[in-house]
Structures are given as structure tokens and as C-alpha cells.
Amino acid sequence: GMEHKNCYFANSIIFSLQIFLGALAFSFFAKGFSGSYMKSMSSQIERRFEISSSIVGIIDGSFEIGNLMIMVLVSYLGPRVHRPKIIAVGCLIMSAGAFLSVMPQFLMGRYNYERITVSVDNSSKSVSACSPTSSEGPAVTDATETLSTMINADCEKTTNSYLWLFVLVGNLLRGIGEAPIMPLGVSYIDDFSKEENSAFYIGLVRSSGMFGPTLGFLLGSFCASLWVDVGAVDVDAISINPKDSRWVGAWWLGLLICGTVNFIASLPFWFLPYSLPKEGENENLKISHLSVQGDHCKIDTPAQPQLKFSEAAKDFLPALRKLFGNPVFVVFIFLTILQYNSLVGIITYEPKFMEQQFNVSVAKAIFLIGVILLPVTILGMFLGGFLIKKFKLHITEMTKFACVTFIVAYLLNLLYFACSCEALQVAGLTGVGCKRSVGNVFCNAECNCKVDQWDPVCGDNGITYMTACFAGCKSSSGTGRNMVFHNCSCVQGQGLGLGNSSAVLGQCQRESCTKVFPYFLALQTACAFFLALGGTPTYMIMFRDHVMRIFFPGGLPAPIYFGALIDKTCLKWGTKSCGGSGSCRVYDTKEFRNVYLGLIAGLRAGCCLLYLVLSVLIMKRFKPDGKEMTDIKNAERSASKELDTANKREILPGSRTSEESEETYM
């Protein structure tokens with residue numbers, strides 16, 4: 001009697017599919033959320049650890065490496081493991097990765113941003129940035145000495161230089177943990193849902209996961225606008241604002257939230273069974289289906305073939321050889337890799353580009369990406385999938401559609417170059433000199449300025465000076481970020497008369513750039529929409545996910561070479577408290593723009609070419625003759641036969657219409 005009761009309990013397993021779908025949707029949300037948050041924090045991490053953009057690119061790429069190591073393994077162990085438990089472990093590993101990345105915040109101590117020492121005149125509150133050694137003698141040297149000893153003490157206390165490795169390893173763990181979620185989740189749904197429902201379920205899970213990236217960017221924007229040591233430091237005493245390139249946001253705060261969300265995502269999976277009765281069989285699930293073996297309750301599911309890994313690998317290589325013998329596939333792979341590279345480069349460095357070009361704070365740039373660009377991309381993807389279904393486009397038509405939309409996006413992309421505005425002028429760095437008109441002497445000659453400092457002030461003449469000392473400022477009023485420097489010899493030297501020789505803290509605001517920014521944003525939104533509309537989703541129909549995934553490390557080097565080339569356009573590197581160069585403080589705006597937009601345009605030009613080649617190849621292969629082209633299912637089937645991979649199942653349109661790169665990256 002007792003055993004029978006236990007076995008009837010098996011009926012409740014039928015609800016498990018719904019629970020699994022809910023849990024999987026939340027885990028998709030969690031990985032998108034933490035992935036995009038990490039992406040949005042790259043410039044904060046760059047500044048906090050004082051590293052160059054190419055190292056940020058390497059930290060970024062570690063996620064991909066972790067992902068790839070596991071992905072190949074997971075694809076072959078597939079149904080032979082306890083899938084819900086493996087997914088649970090994956091979520092836990094992602095959570096651990098996020099918590100590990102936070103560690104440096106608690107090991108590093110406070111963030112001291114670079115600023116110059118000013119000699120304070122005892123009689124008044126006024127400060128002089130320019131300190132001629134002759135007049136003030138030992139007092140100043142004492143001050144400077146104490147400062148330098150203080151800095152050295154700071155150095156011995158913390159070996160900050162390699163703490164970014166924590167973030168790298170945390171990111172690697174996030175990649176490892178994320179790998180099993182999608183393939184195992186999708187195959188679990190495939191195995192235990194009705195044939196006709198599985199595409200719908202998978203679409204549902206994916207689209208609910210798309211809220212993750214948007215919320216991740218919103219959280220990123222919020223954290224970037226808080227000071228890094230929030231709660232431990234009096235924020236009013238900080239003399240820089242979030243637009244400053246020395247500003248560091250509370251990058252660690254959001255990581256704690258990401259870690260928690262990933263931890264919660266793992267919980268439901270521990271309680272889900274190894275296998276479920278196939279959906280729809282529950283109506284005729286009689287006792288005959290349940291064989292009672294002692295205390296154990298067993299639902300007879302068709303036994304999974306126990307494939308060994310070596311055998312799977314044996315199947316895999318011929319399948320791959322066959323694929324590479326197929327020109328359509330080869331062109332498609334290269335196309336995807338190029339497209340993925342441009343996408344990854346954009347997602348990684350877009351906030352930095354907006355900040356440097358258009359004078360917006362990183363926090364605002366991240367916010368706009370999350371609120372405008374991502375939703376528009378998602379809209380484009382859904383609309384693309386909808387159009388294909390509605391008009392039952394077959395393969396040749398889909399290719400033409402993708403080709404046309406991509407070329408439209410590319411032409412819009414070229415208009416970016418028109419959205420230019422005045423370059424930032426920094427005295428001594430961008431060809432604006434510090435020479436006085438009279439006698440060709442440097443206007444700050446008597447000030448003994450340290451060359452390697454960066455604490456910029458903006459003169460009334462619209463020129464930025466590296467420090468108040470470089471502007472030759474003799475006095476000041478106000479405190480904190482409202483400090484104003486007066487009678488600055490360099491500012492008045494520009495022919496504006498003597499009255500107007502003051503300077504304020506921070507780089508000069510470039511008005512024309514702020515005006516151009518909305519146009520740039522509109523253009524970018526249109527571009528993102530067209531890219532998503534006809535992007536890879538249309539082709540993803542032709543392939544099983546993980547076959548493609550093997551080629552995605554093609555996107556791995558993107559952040560690294562983008563970062564290295566962006567570093568080349570740096571005008572002024574920061575100095576760390578221990579000496580040595582830190583992260584870039586100011587870029588040559590024109591150069592940066594040409595390098596960044598040029599790289600993207602170059603990669604996409606390659607894509608355009610390959611799209612045209614692909615269209616020609618596919619139109620040759622599927623000549624519209626007779627009935628078979630009228631039915632999209634047949635077209636799909638013939639495509640699947642052409643590209644027969646280790647997986648034999650065809651995929652319905654709409655089931656995997658989200659761009660794989662969106663999946664891994666955001």
C-alpha cells in the first residue's frame with residue numbers, strides 16, 4: 001500500500017516541467033543580468049585597478065574562455081547527466097565568480113584619486129597651485145616630502161597591482177558556470193515537452209531572459225554614479241564629479257547583487273528530477289507505467305543510450321569535416337565571426353566612446369544603452385522572427401532579407417563619421433601651447449610643475465590644463481568641487497586681458513558635443529534596429545546552437561585588440577600612487593573616434609561582402625522550382641540535410657530566433 005502511494009506521488013512530477021520552465025527562465029535572466037552588469041563596469045574596473053584597456057579586454061575574454069572549455073564537454077554529456085543538478089551547479093559557480101570578483105574592494109583600501117598638492121597660505125583660505133621655490137623655500141619642500149613619504153607608505157601597505165586577477169578569475173568562473181545552462185536546459189525541454197510545444201517553450205524562456213541585460217545595465221548605471229567607497233568616505237569632500245575620468249563608481253556593489261541573484265537561480269533546480277514523463281503522456285499514465293521496485297519508484301522512460309565521450313568525438317569530427325566541405329557553411333562561419341567581433345567591440349567600449357566623444361558621464365552612457373539600445377535590439381529581433389513566420393520566407397528570401405537589412409544598417413553606420421564635434425583641447429598635449437606671447441617663455445615657468453600629474457582645470461579661454469599649476473594659477477576661492485582658481489598666468493596669456501584669468505576644476509565642457517549627442521544616439525538606435533531585424537537570428541534557424549558555439553571564440557580577441565588600439569590614442573596616462581602608469585586619463589578625441597568607428601566599419605564592410613557571397617551561393621543552391629519552395633518547412637528540412645550536423649533534429653523557425661551573441665554577451 002505504502003509503495004503505491006509513493007508511486008502515485010510521481011504524478012506530481014508532471015508539474016515539474018512548468019517549474020523547470022520557470023526556473024530556467026529565471027536562470028536565463030540571472031546570467032543576462034550579471035553578464036551585462038560586468039560589461040557595463042569595464043571602465044570602472046579599468047580605473048579602480050589602474051590598468052589599460054587591453055588588460056580590460058583580457059579580463060573580458062576570460063569569460064569566453066571559461067565558457068568554451070565547458071561548452072564542448074556539456075554538449076556531449078548532454079542527456080547522460082542529471083541535467084537540473086548540473087544547471088544548479090552552474091548557477092552556483094556563476095554566483096561564486098561574482099563574489100570572488102568583489103574581493104579586491106575589501107583588500108585594497110580606499111581609492112585615492114590623483115590630485116595635485118597645493119600650498120596653503122596660512123593667512124587666508126586661498127590656495128596657490130603655483131609655488132615658486134625661491135620665495136617660499138623650505139615650507140613647501142617639507143610638505144612635498146611628507147606627501148611623498150605618505151605615498152610610499154601607502155605602497156608598502158597594499159600590493160594592488162595584481163588584484164585585478166581576482167576579477168579575471170571571477171569572470172572565468174562566470175563563463176564556466178554559464179556554459180551548461182542553455183544547452184542542457186534546451187535539451188531537457190526538448191526531451192520532455194510535446195514536439196509542437198518545445199519551440200514555443202524555448203522561445204518563452206529566452207524572451208523572459210531578455211529583461212536581464214536591460215536591468216543589468218540599469219544597475220550598472222546606478223552603481224557607476226555612486227562613489228566607489230560609498231558609506232566610508234564623505235562624498236562632499238570629493239573634488240571630482242562622475243564625468244571626470246578619475247571617477248570610479250561603486251562597481252563592487254552590483255556584483256554582490258549579481259552573486260545573490262545567481263545563487264537564488266540555482267535553488268529550484270536541486271529539487272527537479274533526472275527525467276520527466278513526456279508531456280501529453282500523463283493522460284494515459286497508468287500504474288502499468290510505474291514499476292514498483294522495493295521502495296524505489298521508477299517511471300519507465302526510454303533508456304538514454306550510454307554514449308562514451310570518445311565515440312561522440314568520433315562522430316563529431318566527420319560531421320565537422322562535412323560541414324567545412326560546404327561553402328555555404330564556411331562563408332556563414334566567417335560572417336558570424338566578423339559580425340560577432342564588431343558586436344563585442346561595441347558592447348565593451350561604447351560607454352567609453354560616448355564619454356570621451358560626447359562629454360557624457362559613463363553612468364549616463366550605460367543608462368542609455370540599457371534603456372534605449374537594448375530594448376530596440378530585442379524589438380528588432382522579435383519583429384524579424386515575426387516577419388519570417390508571417391510571410392513564410394524560405395531560405396533564399398531570408399538570405400536576401402538579411403543581406404538588405406545589413407547593408408542598410410551599414411550605410412547608417414557610415415553616418416556615424418558625420419557626428420563629429422570639437423576636439424578637446426589640452427594645453428601641452430593637443431598642440432595648444434603654454435608659451436607666452438612675449439619673449440617666448442612658458443607662462444608657468446616659475447611654477448615648478450610636476451609633469452606627470454593629472455588634475456585638470458578649465459580656463460576661461462576654453463582650454464583644459466593638466467593641472468592648476470600648469471595654468472599658472474596663484475590663488476583660489478571655494479572648496480571641494482566648487483573650487484575656482486584665480487589670476488592664472490597661462491589663461492590670461494591667451495589675449496583675453498587680465499581680468500578673465502580664472503579656471504575651474506575639471507575638463508572643459510564641450511557644448512557642441514553635448515548638442516550632437518542626441519543625433520548620434522538616434523542614428524545608433526536605427527542602426528541597432530536594422531542589425532537585429534535581419535541579423536543572425538534568421539540563420540540560427542539552420543543550425544543547432546552548440547555547433548555554432550564552437551566558432552564563437554572568434555569573438556574572443558575583439559575586446560583585446562579593440563582595447564590595444566584604443567590605448568594607442570591615449571594622450572595622458574594616469575600615474576599610480578606607487579609610480580608607474582595607470583589607466584588613461586584623456587584621449588585624442590579625433591584619433592579615438594577614427595580608430596573605434598574605423599574598426600567597426602572595417603569589420604562590417606567584410607560582413608557586407610560575405611553577405612553578398614552568401615546570397616549568391618544560397619540562391620544557386622535552392623533554385624525556386626516547383627512546390628517545395630512554397631513550404632518553409634521543406635526548405636528548412638533541405639537546409640538541415642545540407643548542413644547535417646551531429647544533431648539530427650530540425651528546428652522550427654522562431655524557436656531560436658535570438659541572436660546567439662546576445663545570448664553569451666549580454
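The structure contained in this document is the topic of the report that follows. Computed from a prediction, not measured in an experiment: that's the story for all the values here.

Let us now look at the packing of aromatic side chains. Counted under the stated rule, the structure contains 26 aromatic pairs. Look at phenylalanine 29 and phenylalanine 33: their rings are 5.7 Å apart centre to centre, the planes differ by 15 degrees, and that puts the pair in the stacked class. Separated by four residues within a single helix, phenylalanine 29 and phenylalanine 33 lie in helix 2 (residues 16–40), roughly one turn from each other. Note on accessibility: phenylalanine 29 and phenylalanine 33 belong to one class, buried. Through pairs of rings, three or more aromatic residues link up here, namely Tyr349, Phe353, Phe358, Tyr416, Phe517, Phe520, Tyr561, Phe562, Tyr587, Phe592 and Tyr596. Here lysine 31 stacks its cationic end above the ring of phenylalanine 28, 4.7 Å away from the centre of that ring. Stacked on the ring of phenylalanine 391, the Lys or Arg lysine 390 has its end atom at 5.7 Å from the ring centre.

The next point concerns the nonpolar core. Counting 129 residues, the largest nonpolar core has Leu24, Phe49, Trp251 and Tyr596 as the members making the most contacts within it. Here the element with the most residues in this core is helix 22 (residues 589–621); it accounts for 13 residues. Not counting the four nearest positions on each side in its chain, leucine 24 is found in contact with Ile87, Ile181, Gly185, Ile189, Val205 and Phe269. With 23 residues, the next largest nonpolar core counts Ala129, Met466, Cys473 and Phe485 among its residues.

Our next topic: the pattern of salt bridges. Within the structure shown, the criterion is met by eight salt bridges. Put simply, glutamate 355 and arginine 47 hold a salt bridge, and the shortest N to O gap is 2.5 Å. Linking glutamate 355 in helix 14 (residues 327–358) with arginine 47 in helix 3 (residues 42–48), this pair joins segments that are 308 residues apart in sequence. Its salt-bridge partner being arginine 585, residue glutamate 114 comes within 3.1 Å of it at the nearest N-O pair. Pair noted here: glutamate 114 is in the loop between helix 5 (83–107) and strand 1 (119–120) and arginine 585 is in strand 11 (residues 581–587), with a separation of 471 residues, a long-range link.

On to the packing of helix 2 against helix 12 (residues 251–266). At a closest axis distance of 9 Å, the pairing of helix 2 and helix 12 adopts a crossing angle of 165 degrees. Judged by the angle between their axes, helix 2 and helix 12 are roughly antiparallel. Seen along the crossing, helix 2 lies across helix 12 with a hand that is left-handed. Along the contact surface, helix 2 presents Phe26, Ser27, Phe29, Ala30, Lys31, Phe33, Ser34, Tyr37 and Met38, while helix 12 presents Trp251, Trp252, Gly254, Leu255, Ile257, Cys258, Val261, Asn262, Ile264 and Ala265. Here the contact of helix 2 with helix 12 is composed, by residue class, of 14 nonpolar, four polar and one charged.

This part takes up helix 9 (residues 181–192). Helix length check: helix 9 (12 residues) gives 17 Å between terminal C-alpha atoms against 16 Å at 1.5 Å per residue, within 8%. Counting buried positions along helix 9 yields 11 of 12 residues, so the element is predominantly enclosed. Of the positions making up helix 9, those classed as buried are Ile181, Met182, Pro183, Leu184, Gly185, Val186, Ser187, Tyr188, Ile189, Asp190 and Phe192.

Here we come to the sheet that holds strand 8 (residues 484–488). Pairing between sheet strands relies on hydrogen bonds along the backbone, with the strands arranged either parallel or antiparallel. Here five strands make up an open sheet; going across it, the order is 6-5-9-8-7 and the pairing antiparallel. Each edge of the sheet is formed by a strand with only one pairing partner; in this case those strands are strand 6 (464–465) and strand 7 (473–477). By the bridge criterion, three bridges tie strand 5 (residues 457–459) to strand 9 (residues 503–505) in an arrangement that is antiparallel. From the neighbouring strand, valine 457 faces strand 9, where its bridge partner is leucine 505.

Bridge analysis of strand 7 against strand 8 gives four bridges, and the strand direction is antiparallel. Pairing of cysteine 473 across the sheet is with cysteine 488, part of strand 8. Between strand 7 and strand 8, which pair antiparallel one after the other, the connecting turn spans six residues, and glycine 478 there sits at a positive phi close to 85 degrees.

Analysis parameters
- Residues numbered from 1 in each chain as written.
- Predicted model: local features only at pLDDT ≥ 70, side-chain atom pairs only at ≥ 80, totals over all residues.
- Heavy atoms only, no water.
- Phe/Tyr/Trp six-rings, centres within 6.5 Å; stacked < 30°, edge-to-face > 60°.
- Helix = DSSP H or I, 4+ residues; strand = E, 2+ residues; numbered from the N terminus.
- Buried < 20%, exposed > 50% of the residue type's maximum accessible area, 1.4 Å probe, protein only.
- Lys NZ or Arg CZ within 6 Å of the ring centre and 35° of its normal.
- Core = buried A, V, L, I, M, F, W, Y, C linked by side-chain atoms within 4.5 Å.
- Contact = heavy atoms within 4.5 Å.
- Salt bridge = Lys/Arg side-chain N within 4 Å of Asp/Glu carboxyl O.
- Axes fitted to C-alpha atoms, helices over the stretch in contact; angles between N-to-C directions.
- Parallel < 35°, antiparallel > 145°, perpendicular 65-115°, else oblique.
- Left-handed = near helix turned anticlockwise from the far one by under 90°.
- Nonpolar A, V, L, I, M, F, W, Y, C, P; charged D, E, K, R; others polar.
- Expected span 1.5 Å × (residues − 1).
- Pairing = 2+ DSSP bridges.

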